[in-house]
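# Survey of secondary and tertiary structure
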Number of protein chains: 2
Amino acid sequence: MVRKTKEAAELTRQQLIDAARQVFLQRGVSRTTVEHIAAAAGVTRGAVYWHFSNKTELFRAMREQVLLPLIDHMDDTLLVEGPEDPLTRIERFLSGTMQFLSEDLTTRQTYEIMMIKCEYVDEFAEVLRQILQNCTGIIEKVRLTYERAKIKGLLRDHADPAQLAMDTHLFFTGLLHMWVKDSENGIYRQQAHELIKAHISLRRR
Amino acid sequence: MVRKTKEAAELTRQQLIDAARQVFLQRGVSRTTVEHIAAAAGVTRGAVYWHFSNKTELFRAMREQVLLPLIDHMDDTLLVEGPEDPLTRIERFLSGTMQFLSEDLTTRQTYEIMMIKCEYVDEFAEVLRQILQNCTGIIEKVRLTYERAKIKGLLRDHADPAQLAMDTHLFFTGLLHMWVKDSENGIYRQQAHELIKAHISLRRR
DNA sequence: ATTTACATACATTCATGTTTGTATATAAAA
DNA sequence: TTTTATATACAAACATGAATGTATGTAAAT
């Protein structure tokens with residue numbers, strides 16, 4: 001059996017992405033060979049080179065599958081004006097993202113790969129820039145939300161929304177990194193929600 | 001000229017470490033070959049294999065050169081009881097570390113390599129565990145300092161030293177990461193001291 | 001009949017570790 | 001103090017094993 005139907009081909013493409021994620025996670029992106037990925041997906045390198053021009057393109061495809069959904073979720077939680085106060089919205093955004101990471105294996109693994117199983121040089125340097133841009137977006141949205149909180153008088157005095165947003169962003173960046181690195185004993189994973197709660201309540205009047 | 005004096009040999013060893021740092025930074029650890037490093041140091045692979053058993057050992061040597069001094073600095077700033085209040089000590093510890101990173105090229109480059117130019121798999125997984133342990137130590141020392149601040153009545157009410165320490169640690173982890181990743185336009189580098197100041201003043205009564 | 005979706009075979013490059021060679025520094029012996 | 005032996009600090013050559021990309025083959029879908 002050689003030639004598959006269109007749907008079957010699309011399926012092996014997806015299987016290749018899944019296989020790549022597994023192998024990347026175990027061996028790191030650099031040490032992973034196209035052969036490894038093909039074997040893990042139960043095909044030969046021919047299949048890989050048919051669907052993707054090279055390993056880098058496979059990495060890109062894997063990455064794009066998880067990044068877009070997460071951004072959508074952020075927009076939902078943060079910007080949509082709801083019944084809860086802005087500070088609670090930020091808290092729920094942070095907690096929700098962590099919760100999502102706990103539940104969604106694919107996203108979690110992809111993040112782990114991007115954070116500690118990938119070297120950001122050459123082709124991957126561009127990815128770094130994308131990440132930085134993404135951060136700028138998050139910071140701006142969080143800042144806006146803190147701004148609203150200030151107007152509503154929810155913040156401590158002399159608190160600058162821009163600085164608060166930065167502080168929150170750095171806190172969350174750190175949390176994500178430690179959360180991912182600490183996969184073995186999971187101290188950060190247990191504490192995550194409490195830490196987020198404490199972080200926000202520091203800002204409350 | 002083949003056989004060098006003992007001091008000359010030690011010098012080429014150091015040159016190899018320096019060369020490795022440069023090449024790791026440019027090409028990432030995985031894509032760096034022993035040949036690259038040798039060429040950058042102006043020797044042949046023979047010299048590398050004489051001083052180090054392989055690339056991993058070279059990486060380890062490079063890493064150890066910068067990590068130990070930083071830990072010493074932490075102990076000095078944080079634990080030694082001084083004239084300033086505990087919160088200021090934490091602030092100065094954070095600012096001092098960032099300052100040190102700005103000034104010391106070697107340390108900065110090594111951190112950049114460890115954070116975004118290295119894949120933590122196999123032999124390097126052990127390094128991850130070391131980093132985690134290091135973090136635990138920092139958190140504990142910061143917690144103790146917050147504890148003293150609380151006793152002296154410097155903290156906001158209902159502030160838990162343990163949670164504050166975690167929050168500070170995550171903030172600082174995030175700052176380090178963004179600081180390193182943002183090497184191009186340096187938004188974080190300019191703001192670093194202000195951000196640290198704001199972070200600490202959130203805790204003040 | 002012609003693509004498609006792969007498998008298989010091929011050619012080439014590259015990196016590694018080891019081995020061998022060698023000039024010299026250094027220490028011991030005379 | 002000079003001579004001699006040995007270990008040192010590499011360079012150069014060798015052997016081997018990947019890994020990559022491409023080219024070709026092929027059976028089934030369209």
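A quick note: this is a predicted structure, and the numbers were derived from the prediction, not measured. (Residues numbered from 1 in each chain as written. Chains lettered and ligands numbered in written order. Predicted model: local features only at pLDDT ≥ 70, side-chain atom pairs only at ≥ 80, totals over all residues. Heavy atoms only, no water.)

### Observations concerning the domain arrangement of chain A
Residue and element names in this part refer to chain A. Operational definition: Residue ranges assigned to each domain were obtained from an automatic or database domain assignment. We call two residues in contact whenever any of their non-hydrogen atoms come within 4.5 Å of each other. Computed with a 1.4 Å rolling probe, the buried area is the accessible surface lost when two parts are put together, summed over both parts. For this analysis, a salt bridge means a side-chain nitrogen from Lys or Arg found within 4 Å of a carboxyl oxygen belonging to Asp or Glu. Helix and strand labels come from DSSP, where a helix needs a run of H or I of at least four residues and a strand needs a run of E of at least two; each type is numbered from the N terminus.
Under the domain assignment used here, chain A contains domain 1 (1–52) and domain 2 (55–201). A straight line from the C-alpha centre of domain 1 to that of domain 2 covers 30 Å. Residue-level contacts link 17 residues of domain 1 with 16 residues of domain 2. Taking both partners together, domain 1 and domain 2 bury about 1,500 Å²; carbon and sulfur atoms supply 69% of that area. For the domain 1 face of the interface with domain 2, the top three residues by lost area are R21, L25 and V29, together amounting to 44%. Between the two partners, domain 1 and domain 2, sit 0 salt bridges. Top element by residues in the side of domain 1 that touches domain 2 is helix α1 (residues 6–27). It accounts for 9 residues.

### What to know about the environment of V29 of chain A
With respect to the helices and strands, V29 of chain A occurs in the loop between α1 and α2 (34–41). Note: C-alpha distance between V29 of chain A and F59 of chain A (30 residues apart in sequence) is 8.3 Å. Aside from chain neighbours lying at most four places away, what touches V29 of chain A is F24, K55, F59, I113, K117, C118 and F124 of chain A together with E119 of chain B.

### Looking at the interface of chain B and chain A
Basically, it comes down to this: Polar contacts here mean pairs of N or O atoms no more than 3.5 Å apart (in protein, one a potential hydrogen donor and the other a potential acceptor; neighbouring residues in sequence count only if both atoms are side-chain atoms). Classes in brief: Ala, Val, Leu, Ile, Met, Phe, Trp, Tyr, Cys and Pro nonpolar; Asp, Glu, Lys and Arg charged; the others, Gly included, polar.
The partner chain A presents 48 residues to the 48 residues of chain B that form the contact. Linking chain B with chain A are 6 salt bridges. A salt bridge links E123 of chain B to R31 of chain A, with the shortest nitrogen-to-oxygen separation between them at 2.6 Å. The tally of links from chain B across to chain A stands at 16 residue pairs in polar contact (both at pLDDT 80 or more). Of all elements in the fold, only α1 (6–27), α6 (105–116), α7 (125–151), α8 (161–181) and α9 (187–201) of chain B reach the threshold of two or more residues within the side of chain B that touches chain A. Per element, the largest residue contribution to the side of chain B that touches chain A is 13 residues, and it comes from α8 of chain B. Split into classes, the residues belonging to the side of chain B that touches chain A amount to 22 nonpolar, 11 polar and 15 charged.

### Regarding the relation of the copies chain B and chain A
Put simply, the rule is: Each copy is superposed on the other by least squares, with the fit set by C-alpha atoms of residues at a pLDDT of at least 70 in both.
Expressed as a screw operation, the relation of chain B to chain A combines 0.0 Å of axial shift with a rotation of 180 degrees, fitting to an RMSD of 0.1 Å. Classification of the inter-copy transformation places it as that of a two-fold axis. The overlap is high: 100% of the interface residues of chain B also sit at the interface in chain A, so the same surface is used on both sides.

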